[in-house]
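Below are the chains, spelled out letter by letter.
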Amino acid sequence: MGIRVKYPPHWRLFAAGNGGQAIEGNPIFMQRAIALATENVLSGAGGPFGAVVVRAGEIIATGVNLVTSTNDPTAHAEVVAIRAACKALGAFQLKGCVVYTSCEPCPMCLAALYWSRCDAIFYGNSAADAAAAGFDDSFLYEEVKRPLDQRRIPTKRLLGDEAIESFNTWRARTDKIEY
């Protein structure tokens with residue numbers, strides 16, 4: 001069961017993808033994300049990151065960073081929260097949801113949030129704040145801009161002619177669920 005908050009929203013986010021309409025944010029939900037991040041550090045479960053997914057004024061899922069406790073480099077707070085929210089909703093998209101995260105999302109989490117189709121993202125700490133605390137993701141932003149042959153991890157196409165068959169099979173399916 002989620003948490004209903006009846007406080008008036010205090011923040012407005014004007015999103016181009018929302019037709020320029022204001023999306024209201026509520027500090028109560030951000031405070032919850034921040035509290036989750038702090039509790040996570042104190043518990044020793046992971047890093048100082050927390051996230052809350054809200055729909056219609058109700059928290060439907062939360063997540064904390066579980067990278068070190070689960071040995072999963074993808075277990076960032078936002079990803080954990082997205083997985084929990086999708087499970088709770090029985091859907092693979094978070095349309096109608098707003099995500100509150102204690103820190104500006106890293107590139108992986110930002111991509112996951114975009115793929116989730118959430119309506120808005122509110123964050124507490126900036127990427128610069130994270131870098132100052134030892135969580136510097138700037139190299140990832142730079143890495144994505146580089147040509148494949150100049151990236152730190154060697155990346156090369158292999159068996160492209162065979163791999164395309166998966167996409168051909170996908171395109172041919174008439175009963176697929178598009179996303």
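Above this text sits the structure in question.
The text that follows walks through the structure, step by step, so that each part is easy to find. (Residues numbered from 1 in each chain as written. Predicted model: local features only at pLDDT ≥ 70, side-chain atom pairs only at ≥ 80, totals over all residues. Heavy atoms only, no water.)

Secondary structure summary: the chain contains seven helices and six strands in total. Listed N to C, the secondary structure of the chain is β-β-α-β-β-α-α-β-α-β-α-α-α in terms of helices and strands. Considering the chain as a whole, with its 179 residues, one finds that 31% of them fall into the buried category. For the chain, the exposed area adds up to about 11600 Å²; of that, 58% sits on carbon and sulfur atoms. (Helix = DSSP H or I, 4+ residues; strand = E, 2+ residues; numbered from the N terminus. Buried < 20%, exposed > 50% of the residue type's maximum accessible area, 1.4 Å probe, protein only. Areas by Shrake-Rupley, 256 points an atom, 1.4 Å probe, with all protein chains shown as cover.)

This part is about the nonpolar core. Core analysis: the largest hydrophobic core is formed by 16 residues, its most contacted members being Val53, Ile82, Ala85, Leu94, Val99, Leu113 and Cys118. If you list the elements that add at least two residues to this core, you get strand 3 (50-55), helix 3 (77-89) and strand 5 (97-103). The leading source of residues in this core is helix 3, at five residues. Leaving out residues up to four positions away in the same chain, cysteine 118 has contacts with Leu94, Cys97, Val99 and Leu113. Counting 13 residues, the second largest nonpolar core, distinct from the first, contains Phe29, Met30, Leu36 and Ile59. (Core = buried A, V, L, I, M, F, W, Y, C linked by side-chain atoms within 4.5 Å. Contact = heavy atoms within 4.5 Å.)

Turning our eyes to something else, we now look at the packing of aromatic side chains. The final tally for this structure, using the stated rule, is five aromatic pairs. Ring plane angle 75° and centroid distance 6.0 Å describe the contact between phenylalanine 92 and tyrosine 179, whose orientation is recorded as edge-to-face. Of the two residues, phenylalanine 92 is situated in the loop between helix 3 and strand 5 and tyrosine 179 in the segment after helix 7 (160-172); the sequence distance between them amounts to 87 residues. Tyrosine 179 gets classed as exposed once you look at its relative accessible area, which sits at 61%. Between the aromatic rings of tyrosine 100 and phenylalanine 122, the centroid separation amounts to 5.3 Å while the plane-to-plane angle is 20°, which identifies the pairing as stacked. In this pair, tyrosine 100 sits in strand 5 while phenylalanine 122 sits in strand 6 (residues 120-125), placing the two residues 22 residues apart along the sequence. Each member of the pair, tyrosine 100 as well as phenylalanine 122, carries the same accessibility label: buried. (Phe/Tyr/Trp six-rings, centres within 6.5 Å; stacked < 30°, edge-to-face > 60°.)

The backbone phi angle of asparagine 71 is positive, close to 55°, even though this residue is not glycine. Structurally, the position occupied by asparagine 71 is in the loop between helix 2 (67-70) and helix 3. In this structure, leucine 159 takes a positive phi of about 60° despite not being glycine. Mapped onto the secondary structure, leucine 159 falls in the loop between helix 6 (138-145) and helix 7.

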